[in-house]
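Summary of the model geometry
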Amino acid sequence: VKIADAYTSLALPELAISYLKNFSGEYGFQAQSQYAQASLLIAEERWPDVHQFALEIRNSEKTSAPFLAFSYYLEGLSAIRRGRTQDANVAFQKIRNYSMEGSNLGLYVGSNLWDLGYLDEAYAVLSPERQRYANNLTYWQLMLELSKSNQTAIQMLIAAENLFRLSPDHLPNQINYASLL
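Remember, predicted model here, so these are calculated numbers, not experimental data. (Residues numbered from 1 in each chain as written. Predicted model: local features only at pLDDT ≥ 70, side-chain atom pairs only at ≥ 80, totals over all residues. Heavy atoms only, no water.)

**Some points on the packing of aromatic side chains**
- Under the counting rule described, the total for this entry stands at twelve aromatic pairs.
- Judged by centre distance (5.6 Å) and plane angle (85 degrees), the rings of Phe67 and Phe70 are edge-to-face. Residue Phe67 and its partner Phe70 are located together in helix 5 (residues 65-81), separated by three residues, close to a single helical turn.
- Taking the relative accessible area as the measure of exposure, Phe70 reaches 1% and is therefore buried.
- For the pair Tyr73 and Tyr108, a centre-to-centre distance of 5.9 Å together with 80 degrees between the ring planes defines the contact as edge-to-face. Separated by 35 residues along the polypeptide, Tyr73 in helix 5 and Tyr108 in helix 7 (residues 105-116) bring together distant segments of the chain.
- The rings of Tyr35, Phe67, Phe70, Tyr73, Phe92, Tyr108 and Tyr118 are connected pair by pair, giving a single aromatic cluster.
- Directly above the aromatic system of Tyr72 lies the positively charged group of Arg58, at a separation of 3.9 Å from the ring centroid. (Phe/Tyr/Trp six-rings, centres within 6.5 Å; stacked < 30°, edge-to-face > 60°. Helix = DSSP H or I, 4+ residues; strand = E, 2+ residues; numbered from the N terminus. Buried < 20%, exposed > 50% of the residue type's maximum accessible area, 1.4 Å probe, protein only. Lys NZ or Arg CZ within 6 Å of the ring centre and 35° of its normal.)

**Topic: the packing of helix 7 against helix 8 (residues 119-126)**
- Two numbers describe how helix 7 lies on helix 8: the axes approach to 8 Å, and their chain directions differ by 165 degrees. Here helix 7 is positioned roughly antiparallel relative to helix 8, judged by the angle of their axes. Relative to helix 8, helix 7 is oriented so that their crossing is left-handed. Contacts between helix 7 and helix 8 involve Gly106, Leu107, Val109, Gly110, Ser111, Leu113 and Trp114 from the first element and Leu119, Glu121, Ala122, Val125 and Leu126 from the second.
- Here the contact of helix 7 with helix 8 is built from residues that sort into eight nonpolar, three polar and one charged. (Axes fitted to C-alpha atoms, helices over the stretch in contact; angles between N-to-C directions. Parallel < 35°, antiparallel > 145°, perpendicular 65-115°, else oblique. Left-handed = near helix turned anticlockwise from the far one by under 90°. Contact = heavy atoms within 4.5 Å. Nonpolar A, V, L, I, M, F, W, Y, C, P; charged D, E, K, R; others polar.)

**Examining the side chain of Glu75**
- Looking at the element boundaries, Glu75 is found in helix 5.
- One polar contact links Glu75 to Arg58, side chain to side chain, over a distance of 2.4 Å.
- When sequence neighbours within four positions are dropped, the list of residues in contact with Glu75 reads His51, Ala54, Leu55, Arg58 and Ala91. (Polar contact = N/O pair within 3.5 Å; in protein donor to acceptor, adjacent residues only side chain to side chain.)

**A word on the nonpolar core**
- Phe70, Tyr73, Leu74, Ile95, Val109 and Leu113 are the most contacted members of the largest nonpolar core, which has 40 residues in total.
- Residue assignment for this core shows that the elements contributing at least two residues are helix 3 (31-43), helix 4 (47-59), helix 5, helix 6 (85-94), helix 7, helix 8, helix 9 (137-150) and helix 10 (153-166).
- Counting residues per element, this core draws most heavily on helix 5, which supplies eight residues.
- What Leu113 contacts, discounting residues up to four positions off in sequence, is Tyr73, Phe92, Ile95, Tyr118, Glu121, Ala122 and Val125. (Core = buried A, V, L, I, M, F, W, Y, C linked by side-chain atoms within 4.5 Å.)

**Quick word on helix 10**
- Along its 14 residues, helix 10 runs 20 Å from first to last C-alpha, staying within 8% of the 20 Å computed at 1.5 Å per residue.
- Those residues of helix 10 that fall on the buried side of the exposure criterion are Gln155, Met156, Ala159, Ala160, Asn162 and Leu163. Along helix 10, the residues classed as buried sweep out an arc of 160 degrees about the axis, all on the same side. For helix 10, the exposed residues lying more than 90 degrees away from the buried face are Ala153 and Ile154.
- Tucked inside the fold, the buried residues of helix 10 contact helix 8, helix 9 and helix 11 (171-180). (Expected span 1.5 Å × (residues − 1). Arc of directions from axis to C-beta.)

**Considering the confidence of the model for the protein**
- The predicted model of the protein has a mean per-residue pLDDT of 85, with 83% of residues at 70 or higher.
- Ranking the elements of the protein by mean pLDDT puts helix 1 (residues 2-9) last, at 54, and helix 6 first, at 97. (pLDDT = per-residue confidence, 0-100.)

This is the structure we're talking about:
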């Protein structure tokens, strides 16, 4: 992955993508290289390639449940960027079939689903991670926003309470928590 990073820093994303493809072919499924390749394809806005890569991830024998979910996120993102909203909806729904619990991908996928407007899917990815991200301010900010969008009072209170616990001197956290008590 460091070699791919070097290619990227030299403004040679094509070489970085090519290297990661060859690396994956030679050494099999490696989470870090798969994530790096996906990130490069997204950054280069190569949406048909992102879709193809999602399929390749799913066809790998050693793909874990979090990466299966990640592949459906990639497929959905690719579909949205190519104007295929219905295909995106189907792909994003399939994320729910695979646990991302315990994976670093959960926060990434959940926050991006939220950014794309897929609130229920984002909540489904993020809510099982409460214990893992108990001390993560970003996680609780996302959960508060999702709870506001879904108008779930108890979830809003839980998120606001955790934000207040993590950053009690931050005025918006004080206001949110107090208003929900």
